[in-house]
Amino acid sequence: MTPEQLQTELAKATVRPAYLIVGEEALYREVCVAAIEATLFPEGRIDFDYERLDGANANGAALENAVRTLPVVSPRRLVVLREPEPTRGRDKGLGDAIGAYVESSSDSADIVLVVVAAKVDGRARWVKAIGPKASVRCDPPKGARAIEAFIRTEAERQGIALGKGAASLLAERVGPNLLMLRQEIAKAALFAGPGEKVTSRHVAESTADVAEEPIWDLTDAIGDGRIADAISVSGRLVAAGGAPPAILASLATHFRKLLAMRTGGKVAGAPFSVRKLEQQSARFSAGRLISCMRAIHETDLALKGAGGIPANIALERLVIGLVGTPRR
């Protein structure tokens, strides 16, 4: 299900004994956990009935103890387990403990287990035990329209009115980083002043071009064949908190614009962005850009599980491949 579908289900007071909140978008994950918490504790969280476990430190025995402990004050107890699958080293038995709890629980269970992870192995027994109906996908929005839709919804949530062009400029400058978008919307509102509509001018004055500038640097390095610089820029993007799928989406969008520009198509955007696209597209032939798009597509499949390659390695391999793409 989607985060919106979870919200709808919770609004009907339907709470399942276990949930899997999974996906690269951290903001959506936290919103989902908060929604479950608010449903279980409408008067505020009760610490006696709320336990948090970290997969890096917890083991199967700790989880078994947590889900066997009955609630003290609230009708139900909430157990939140983060990142249960080991990134390295031996399995600590968390998967078996999750599966055992899910298989023995019922809709009237006193315990609600919420497992939160950026990525899981869909073949794992415990993932299958929770099942798709109780799994919430928290993926970052793909494409400008989806990002703009989030911006409008978030602005409405904050009670901020957006003027024409403000949402599209925010989407262009910040990209699919939802936590940063939330902050930048609030910052633009401060520039606009109390009760004033946020315009594209306010966005331009208040928001750093955090999405485009690193991508320009990366594609400049790729176009020039500077492999060390390209790897360095992509590494900085990941180190700054950029999720590989989000970085890949930005690369795909950018290369589509370059291909459109190179083949005589029209590209919408601010005048300075269009000029930069014209300059950068001259570094690539149409054939090379098509090859780059194919490589990006193959990496997208890898990030979705094909080949079992870690996301950061798949992204680095793409960057190396793009630099080495034949210049024809």
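Procedures and definitions
Residues numbered from 1 in each chain as written. Predicted model: local features only at pLDDT ≥ 70, side-chain atom pairs only at ≥ 80, totals over all residues. Heavy atoms only, no water. Helix = DSSP H or I, 4+ residues; strand = E, 2+ residues; numbered from the N terminus. Buried < 20%, exposed > 50% of the residue type's maximum accessible area, 1.4 Å probe, protein only. Contact = heavy atoms within 4.5 Å. Areas by Shrake-Rupley, 256 points an atom, 1.4 Å probe, with all protein chains shown as cover. Lys, Arg positive; Asp, Glu negative; His and termini not counted. Charge placed at Lys NZ, Arg CZ, Asp CG, Glu CD. Core = buried A, V, L, I, M, F, W, Y, C linked by side-chain atoms within 4.5 Å. Polar contact = N/O pair within 3.5 Å; in protein donor to acceptor, adjacent residues only side chain to side chain. Patch = residues over 30% accessible without salt bridge, like charges linked within 9 Å, V, L, I, M, F, W, Y side chains within 5 Å. Salt bridge = Lys/Arg side-chain N within 4 Å of Asp/Glu carboxyl O. Phe/Tyr/Trp six-rings, centres within 6.5 Å; stacked < 30°, edge-to-face > 60°. Axes fitted to C-alpha atoms, helices over the stretch in contact; angles between N-to-C directions. Parallel < 35°, antiparallel > 145°, perpendicular 65-115°, else oblique. Left-handed = near helix turned anticlockwise from the far one by under 90°. Nonpolar A, V, L, I, M, F, W, Y, C, P; charged D, E, K, R; others polar. Pairing = 2+ DSSP bridges. Right-handed = clockwise from strand over helix to strand, strands pointing away.

### A look at the overall build of the protein
Argument step 1. The helix and strand tally for the protein stands at 15 helices and five strands.
Argument step 2. With respect to the principal axes defined by its C-alpha atoms, the protein has extents near 65 × 50 × 25 Å.
Argument step 3. When each of the 328 residues of the protein is scored for burial, the buried share is 46%.
Argument step 4. Relative to all contacts within the protein whose residues are 6 or more apart in sequence, the contacts with residues 24 or more apart total 75%.
Argument step 5. Entry remark: accessible area of the protein is about 16700 Å², with carbon and sulfur atoms responsible for 53%.
Argument step 6. Charge separation in the protein, taken as the distance between the mean sites of 43 positive and 39 negative side-chain charges, equals 6 Å.

### What about the nonpolar core?
Argument step 1. Ranked by size, the top nonpolar core spans 41 residues in total, and within it Tyr19, Ile21, Ile36, Leu78, Val114 and Ile151 carry the most contacts.
Argument step 2. Broken down by secondary-structure element, the contributors of at least two residues to this core are helix H1 (3-11), strand S1 (18-22), helix H2 (26-40), strand S3 (77-82), strand S4 (111-117), helix H6 (144-157), helix H7 (166-174) and helix H8 (178-192).
Argument step 3. In terms of residue count, H2 provides more of this core than any other element does, seven residues in total.
Argument step 4. Trp216, Ile222, Val233 and Ile296 belong to the second largest nonpolar core, which has 34 residues in total.

### With respect to the side chain of Ser234
Argument step 1. If you trace the backbone, Ser234 turns up in helix H11 (residues 227-239).
Argument step 2. Under the relative-accessibility criterion, Ser234 is labelled buried at 6%.
Argument step 3. Of note is the side chain of Ser234, whose polar atom sits 2.9 Å from the backbone oxygen of Ile231.
Argument step 4. If near-sequence neighbours (up to four positions away) are discounted, Ser234 is found in contact with Leu218 and Val319.

### What to know about a nonpolar patch on the surface
Argument step 1. Nonpolar side chains collect at one region of the surface, where Phe48, Val72 and Val73 lie side by side and expose about 350 Å² of accessible area between them.
Argument step 2. Along the chain, the position of Phe48 falls in the loop between H2 and strand S2 (50-54).

### Some thoughts on the packing of aromatic side chains
Argument step 1. The tally for this structure, following the rule as stated, stands at three aromatic pairs.
Argument step 2. Taken together, a centroid distance of 6.3 Å and an interplanar angle of 75° make the contact between Tyr28 and Phe150 edge-to-face. Of the two residues, Tyr28 sits in helix H2 while Phe150 sits in helix H6, which places them 122 residues apart along the sequence. By the burial criterion, Tyr28 is buried, and Phe150 matches it.
Argument step 3. The interplanar angle of 55° and the centroid separation of 6.5 Å between the aromatic rings of Phe41 and Tyr50 together place this pair among those described as tilted.
Argument step 4. Classification of Tyr50 by relative accessible area gives buried; the value is 11%.

### As for the environment of Arg288
Argument step 1. Summarising the element assignment, Arg288 is placed in helix H14 (residues 286-303).
Argument step 2. For Arg288 and Gly223, which are 65 residues apart along the polypeptide, the C-alpha to C-alpha distance reads 9.8 Å.
Argument step 3. Within the structure, Arg288 has its side chain in polar contact with the backbone oxygen of Ile222 (distance 3.1 Å).

### Quick word on the packing of helix H12 (residues 244-262) against H14
Argument step 1. In the contact formed by H12 and H14, the axes pass within 10 Å of each other and the chain directions differ by 160°. Between H12 and H14, the angle is such that the two are roughly antiparallel. Crossing geometry of H12 relative to H14 is assigned as left-handed. For the pair H12 and H14, contact is made by Pro244, Pro245, Leu248, Leu251, Ala252, Phe255, Arg256, Leu258, Leu259 and Arg262 and by Ala286, Leu289, Ile290, Cys292, Met293, Ile296, Thr299, Asp300 and Leu303, respectively.
Argument step 2. Classifying every residue of the contact of H12 with H14 by side-chain character gives 15 nonpolar, one polar and three charged.

### Quick notes on the environment of Gly23
Argument step 1. By the secondary structure assignment, Gly23 is in the loop between S1 and H2.
Argument step 2. On the accessibility criterion, Gly23 (0% relative accessible area) is buried.
Argument step 3. In sequence terms Gly23 and Leu237 are 214 residues apart; their C-alpha atoms lie 19 Å from each other.
Argument step 4. With near-sequence residues (within four places) excluded, Gly23 lies in contact with Arg29, Ala117, Ala118, Arg137, Cys138 and Asp139.

### Topic: the environment of Glu103
Argument step 1. Mapped onto the elements, Glu103 comes out in helix H4 (residues 94-104).
Argument step 2. Overall, Glu103 belongs to the exposed group, its relative accessible area being 51%.
Argument step 3. In the structure, Glu103 is positioned 23 residues away from Trp126 in sequence and 9.1 Å away in space, judged by C-alpha atoms.
Argument step 4. Apart from the residues lying within four places of it in its own chain, the contact partners of Glu103 are Arg125 and Ala129.

### Comments concerning the pairing of S2
Argument step 1. Here S2 runs beside S3; their pairing, made up of five bridges, is parallel. Bridge pairing in S3 links Asp54 to Arg82.
Argument step 2. Handedness of the crossover joining S2 and S3 through helix H3 (residues 60-68): right-handed.

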